[in-house]
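Analysis of the macromolecular model
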Amino acid sequence: SCVGGALVLLVQSVLEGVASREASVYRLILEVDSFKKAFMSGSRSDSGSGASYNWLSKKEKGVLSYPDFRQVLNDNGLPELTNREYQRICSFYDPHTEGCIRYERFAQNFEGVRRILPMTRFVHHGSFPWPILARTWDAAYSLFTNEHHRIYLIFVLWIGMGVTWGIVDQGWDPITATHFAVSALATGGLTAPPVDPTTGILPTGPALFCGFYCLFGIPLMALTLGIFARVLVEGYIVEEELAAIARPLSRSEFMFASKSLCSRDDALHLSDYIVLQLMRQGKLNLESFEFMKRQYGTLDCRRFWLKSVGTD
């Protein structure tokens, strides 16, 4: 039962991780596109913004003044910043103190809205080794704050507990203790505490520890392996999805979508395009779609669904 439950957790974790990765990739694409449009529209500030960027008297593509850049950050979901945090961000993306943010510099160092503040933590310490320390701090900090990274820390601590117990309580060498800690969670049990030579039964202390260690450690190992497995496969799956979306429509696909999906007017509408892309990615088949259409037709009879929604 432990092994079966662990396998279920493994598969579920992989599927959920891929979906989460897809959402984060699409969110990053939308954020990049939103920032690019803002930069390409040019700065809108022309006066009253301070001497450092008053020279932006006309719109210049690829450049945003500090106030405009702050507005774009807010429009893209960055929480309200303090003046100190905002100055730190501006210093990071404007290292030469030009009084504006240039798209080239921004695009090279943009990893998503959520990463803007962490990336600028050591902006005032640009020389070695501060950049390395910043990335090390981010990695260590994510072990405690990121739910996906935190599981790695918990798993390592759990293995360390098994190794420590084997060395201290059983007197094993580190290699044997590590073998016990890993094989017990892998349900192999290739290394085990010795039984009582007179009764042939495992002593109470080691028995209780092994039971507790495996009871919680086996699901923990399955969950950790699931998260690690999805790291290996999610990139490939997301790339396949993006390739499917970006692939041009063939004539047969266009004819099928415009005549057989949501509309019948020989034109490809947004609803037709979305359904077609879901089918391309294997997330929807024609049978399921036809069933949904039939259910909608039943609810839409005499606009019954409008009345129902309006009265609920």
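Residues numbered from 1 in each chain as written. Predicted model: local features only at pLDDT ≥ 70, side-chain atom pairs only at ≥ 80, totals over all residues. Heavy atoms only, no water.

Moving on: the overall build of the chain. Helix and strand content of the chain: 13 helices and two strands. Counting only residues that meet the buried cut, the chain has 32% of its 312 residues in that class. Long-range pairs, those at least 24 residues apart, make up 55% of the contacts in the chain with a sequence separation of at least 6. Surface summary for the chain: the accessible area is close to 19,500 Å², and the carbon and sulfur share equals 63%. (Helix = DSSP H or I, 4+ residues; strand = E, 2+ residues; numbered from the N terminus. Buried < 20%, exposed > 50% of the residue type's maximum accessible area, 1.4 Å probe, protein only. Contact = heavy atoms within 4.5 Å. Areas by Shrake-Rupley, 256 points an atom, 1.4 Å probe, with all protein chains shown as cover.)

For the rest of this paragraph, the subject is the packing of aromatic side chains. The description of an aromatic ring pair uses the distance of the two centres, along with the angle that the planes make with each other. This structure, assessed with the given rule, holds 19 aromatic pairs. An angle of 10 degrees between the planes, with centres 5.9 Å apart, marks the rings of W158 and Y213 as stacked. Placement of W158 in helix α7 (residues 147–168) and of Y213 in helix α9 (residues 204–246) is noted, with a sequence separation of 55 residues between them. Here the aromatic rings of W172 and F180 are separated by 5.4 Å at their centres, their planes lie at 55 degrees, and the arrangement is tilted. Since its relative accessible area comes to 16%, W172 is described here as buried. Put simply, the rings of F35, F39, F69, F92, Y93, Y103, F106 and F110 pair up and form one aromatic cluster. Seen from the ring of F92, R105 lies directly overhead, with NZ or CZ sitting 5.1 Å from the centre. (Phe/Tyr/Trp six-rings, centres within 6.5 Å; stacked < 30°, edge-to-face > 60°. Lys NZ or Arg CZ within 6 Å of the ring centre and 35° of its normal.)

Turning to the state of the cysteines, a few remarks are in order. A full pass over the atoms with the stated rule returns zero disulfides. C214 provides the cysteine sulfur closest to C210, a residue in no disulfide bond, and the two sulfurs are 6.2 Å apart. For C214, a relative accessible area of 21% puts it in the partly exposed group. (Disulfide = S-S within 2.5 Å.)

The set of residues buried in helix α11 (residues 270–280) consists of D272, V275, L276, Q277, M279 and R280. Note on α11: the residue one or two positions beyond its end, G282, has a positive phi of about 75 degrees.

Here the focus is unusual backbone geometry. For T97, which is not glycine, the phi dihedral falls at a positive 50 degrees. As for its position among the elements, T97 is in the loop between α3 (83–93) and β2 (100–102).

Moving on, we get to the environment of T120. In this structure, T120 sits in the loop between α5 (116–119) and α6 (130–145). Among the residues examined, T120 registers a relative accessible area of 0% and is labelled buried. Remark: the alpha-carbon pair of T120 and F92, spanning 28 residues in sequence, is separated by 6.1 Å. Residues contacting T120, with those up to four places away along its chain left out, are R88, I89 and F92.

Okay, the packing of helix α2 (residues 66–75) against α3 next. α3 packs onto α2 with a crossing angle of 110 degrees between their chain directions and a minimal axis gap of 11 Å. By the angle class used here, α2 and α3 are roughly perpendicular. On the side of α2, the interface is formed by Y66, P67, F69, R70 and L73, while α3 contributes N83, Y86, I89, C90 and Y93. Across the contact of α2 with α3, the residue classes tally to eight nonpolar, one polar and one charged. (Axes fitted to C-alpha atoms, helices over the stretch in contact; angles between N-to-C directions. Parallel < 35°, antiparallel > 145°, perpendicular 65-115°, else oblique. Nonpolar A, V, L, I, M, F, W, Y, C, P; charged D, E, K, R; others polar.)

Now for the confidence of the model for the chain. Looking at the chain as a whole, the pLDDT averages 75, with 72% of positions reaching at least 70. Confidence, expressed as mean pLDDT per element, reaches its minimum in the chain at helix α13 (residues 304–311) with 51 and its maximum at helix α8 (residues 174–185) with 90. (pLDDT = per-residue confidence, 0-100.)

This part is about the nonpolar core. F35, F39, F69, L73, I89, Y93 and F106 are the most contacted members of the largest nonpolar core, which has 22 residues in total. Mapped by element, the contributors of at least two residues to this core are α1 (2–41), α2, α3, α4 (103–108) and α5. Top element by residues in this core is α3. It accounts for five residues. When sequence neighbours within four positions are dropped, the list of residues in contact with I89 reads F69, L73, L78, L81, I116, L117 and T120. Counting residues in each nonpolar core, the second largest holds 18 residues, with W165, F180, A181 and I227 among its members. (Core = buried A, V, L, I, M, F, W, Y, C linked by side-chain atoms within 4.5 Å.)

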